[in-house]
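The chain contents come next:
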Amino acid sequence: QQQVKQSPQSLIVQKGGIPIINCAYENTAFDYFPWYQQFPGKGPALLIAIRPDVSEKKEGRFTISFNKSAKQFSLHIMDSQPGDSATYFCAATDYGNNRLAFGKGNQVVVIP
Amino acid sequence: EAGVAQSPRYKIIEKRQSVAFWCNPISGHATLYWYQQILGQGPKLLIQFQNNGVVDDSQLPKDRFSAERLKGVDSTLKIQPAKLEDSAVYLCASSLDRWNTEAFFGQGTRLTVV
């Protein structure tokens, strides 16, 4: 059973565009929602994370928007660059558990 | 700060053979995880250790998979006997403790079972 669902599966954008990746979850016990970035041949690396007490968080060009009532959260990559081309995974877990449930991932390609 | 180290990077074995993967977490990290990442999917947790004790192994296929973390530092994951569907990248991750939510991942071991 997929606890976290991601959409769309892949995105191709021009440099400077704003790819948006959406995730939905079911478990209301989840209280930590990270996004991981993975390059080919590498392990996932934490990009940005949010807790449900805020609706938005920005770190550099990356922004998470969180909608607790809809049980959805999304990643926006502002002013995207070719170096942002990677696979992005959303995940979720609950406090004291720390067992990440990952989505299936989205491949983002930024064309120069 | 050194990251999570894993070895080997790649392994090709025939079905029904056995294989072992090794992980050295970030120094001082009490919690260690093994994830399985099948091509085109997100990582799936296999087992979680807190120091040298197992916290959760509910998704570990215990008839063929085993893992240990004897001294609370390094860990090994073993598959015996391997099946074709075990072909995947096996990722080790660590975090300061089970309440510190940032997990750091190693590069993984890519296993191909033929």
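Residues numbered from 1 in each chain as written. Chains lettered and ligands numbered in written order. Predicted model: local features only at pLDDT ≥ 70, side-chain atom pairs only at ≥ 80, totals over all residues. Heavy atoms only, no water.

A. Summary view of the packing of aromatic side chains. Inspection of the entire model under this criterion finds 17 aromatic pairs over all chains. For the pair F89 of chain A and F102 of chain A, a centre-to-centre distance of 6.2 Å together with 90° between the ring planes defines the contact as edge-to-face. With F89 of chain A in strand β9 (residues 86-92) and F102 of chain A in strand β10 (residues 101-102), this pair connects stretches of sequence that are 13 residues apart. F102 of chain A carries the same exposure label as F89 of chain A, and that label is buried. Note on Y33 of chain B and Y35 of chain B: the rings are 6.2 Å apart at their centroids and 40° apart in plane angle, and the pair reads as tilted. In this structure, Y33 of chain B and Y35 of chain B share a single accessibility class: buried. (Phe/Tyr/Trp six-rings, centres within 6.5 Å; stacked < 30°, edge-to-face > 60°. Helix = DSSP H or I, 4+ residues; strand = E, 2+ residues; numbered from the N terminus. Buried < 20%, exposed > 50% of the residue type's maximum accessible area, 1.4 Å probe, protein only.)

B. How the structure looks around the pairing of strand β11 (residues 109-113) of chain B. All names here are of chain B. A one-sided burial pattern is seen for β11, the buried positions being T109, L111 and V113 and the unburied ones R110 and T112. Judged from the 4 bridges that link them, strand β2 (residues 10-13) and β11 form a sheet pairing that is parallel. Across the sheet, the residue bridging to K11 is L111, located in β11. Here 3 bridges tie strand β9 (residues 88-95) to β11, and the two strands are oriented antiparallel to one another. The residue bridging A88 from the neighbouring strand is L111, located in β11. (Pairing = 2+ DSSP bridges.)

C. Structural view of the state of the cysteines. Residue and element names in this part refer to chain A. Under the counting rule described, the total for this entry stands at 2 disulfides over all chains. Here C23 engages in a disulfide with C90; their sulfurs sit 1.7 Å apart. On the S-S bond that ties C23 to C90, the torsion sits near -85°, and the link is left-handed. Placement of the pair is C23 in strand β3 (residues 20-25) and C90 in strand β9, with a sequence separation of 67 residues. The exposure class of C23 is buried, given its relative accessible area of 2%. (Disulfide = S-S within 2.5 Å.)

D. Expanded view of the sheet that holds strand β6 (residues 56-59) of chain A. All names here are of chain A. If you trace the 5 strands from one edge of the open sheet to the other, you get β1-β3-β8-β7-β6, paired in antiparallel fashion. The sheet is open, and its two borders are formed by β1 (4-7) and β6, each paired with just one other strand. In this sheet, adjacent strand axes meet at a mean angle of 15° when their direction is disregarded. Two elements, β6 and strand β7 (residues 62-67), share 4 bridges in a ladder whose sense is antiparallel. Counted as the bridge partner of E59 is F62 from β7. (Axes fitted to C-alpha atoms, helices over the stretch in contact; angles between N-to-C directions.)

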